[in-house]
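The chain contents come next:
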Amino acid sequence: MTATVETEPLYPLCDLFASIQGEATWTGRAMHFLRFAGCPLACPWCDEPRHRDPQAVRHRTASDIVTALRQLNPDLRHLLLTGGEPLAVPGLDRLVQVLREHGYWLAMETSGVGGTVPPGLDWLTLSPKTPLPERLFALANEVKYVVGATLDEHQARAIQHRARTHPNVWVQPRFDNNQPDRSVIDPGALYNCLTHIRQSGGRIRLSLQTHKWTGLP
C-alpha cells in the first residue's frame, strides 16, 4: 500500500519585504510585510493595485515564506499580513500556526470580508469597507477607517459610533490618485478626517501613511 505524501499548501503572494510601519498604532516600528494577492472587494480608490496584477502573483509554501523572511532580516520578528485581503486566502490558519512556531509576532490588516479570522494573531487591524458583524470589532485591536474627500454620511455615523464603543479608532485620508506624486493627500479627505476627530472629542486619532512621505515601500 503506497503511503500518501502530504503536500504543503501554496499561498498567493504579490509582495514580501521589510520596511517601517507607517500607519496607526504601530507607526515607526520595523516590520516584515507579507502582501497576499486578491480581494473579494473592488474599491476603486485602493492604493495597493498590485494585488490585482496576475503577473505579480507568486505561489509560495509556508516553508518558502519563512526562508524568505530569514533572508530579508533574520533578527526582525514583527510581521504584518496584509493584501489584497488575507481572510480570503485558503489555509491562512495553517500559515499563522507555522509563523508562530518560528517565533514571529503576527499582525494582520483586514477589511473583515472573505473568511474567518485565524487564531494566534498578536494584533488585528480592522479596516471596514462594508457593514460588518460586531464580533469582528470585538476581536480588533484597532479600527481604521479610510476616508475620502466626498463625505459619506453612513461612514460618518459608523465612525462616530465606533469611537464611542472601541478604545482604538483611527481615520486615514485617501491619497489623491489623480496626482503623479502618490504621497499627496487629498485635502478634502484630510478635512473630513479632522472633522471626525473634532466631533469625537479626541477619541479618534489621525493615521497619515508616513511611509509614503518618506518613500518607503
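Higher on the page you've got the structure.
Below or above, wherever it landed, is the structure these notes cover. (Residues numbered from 1 in each chain as written. Predicted model: local features only at pLDDT ≥ 70, side-chain atom pairs only at ≥ 80, totals over all residues. Heavy atoms only, no water.)

**Digging into the overall build of the chain**
In terms of regular secondary structure, the chain is built from six helices and nine strands. In terms of C-alpha radius of gyration, the chain reaches 18 Å, essentially the compact-globule figure of 17 Å for 217 residues. With the C-alpha coordinates aligned to their principal axes, the bounding extent of the chain is approximately 70 × 40 × 30 Å. Across the chain, contacts joining residues at least 24 apart in sequence account for 62% of those joining residues at least 6 apart. A distance of 4 Å separates the average location of the 22 positive side-chain charges in the chain from that of its 21 negative side-chain charges. (Helix = DSSP H or I, 4+ residues; strand = E, 2+ residues; numbered from the N terminus. Rg over C-alpha atoms; globule rule 2.2 N^0.38 Å. Contact = heavy atoms within 4.5 Å. Lys, Arg positive; Asp, Glu negative; His and termini not counted. Charge placed at Lys NZ, Arg CZ, Asp CG, Glu CD.)

**What to know about the sheet that holds strand β7 (residues 142-147)**
By way of backbone hydrogen bonds, the strands of a sheet pair with one another, either parallel or antiparallel. Taken in spatial order, the nine strands of this open sheet run β3-β1-β2-β4-β5-β6-β7-β8-β9, and their pairing is mixed. The open sheet is flanked by β3 (58-60) and β9 (204-206), the only strands paired with a single partner. Within this sheet the neighbouring strands show an average axis-to-axis angle of 30 degrees, counted without direction. Judged from the seven bridges that link them, strand β1 (residues 11-20) and strand β2 (residues 30-36) form a sheet pairing that is antiparallel. Looking at β2, one finds that L16 is bridged to L34. In this fold helix α4 (residues 153-165) packs onto β7, β8 (169-173) and β9, with an angle of close to 155 degrees to the strand it touches most, β7. (Pairing = 2+ DSSP bridges. Axes fitted to C-alpha atoms, helices over the stretch in contact; angles between N-to-C directions.)

**A word on the pattern of salt bridges**
In total, this model carries four salt bridges according to the counting rule given. With a shortest N-O distance of 3.0 Å, D122 and R100 are connected by a salt bridge. With D122 in the loop between β5 (105-110) and β6 (123-126) and R100 in helix α2 (residues 92-101), the pair connects residues that are 22 residues apart, well separated along the chain. The salt bridge involving E134 is made with R162; its shortest N-O contact spans 2.8 Å. (Salt bridge = Lys/Arg side-chain N within 4 Å of Asp/Glu carboxyl O.)

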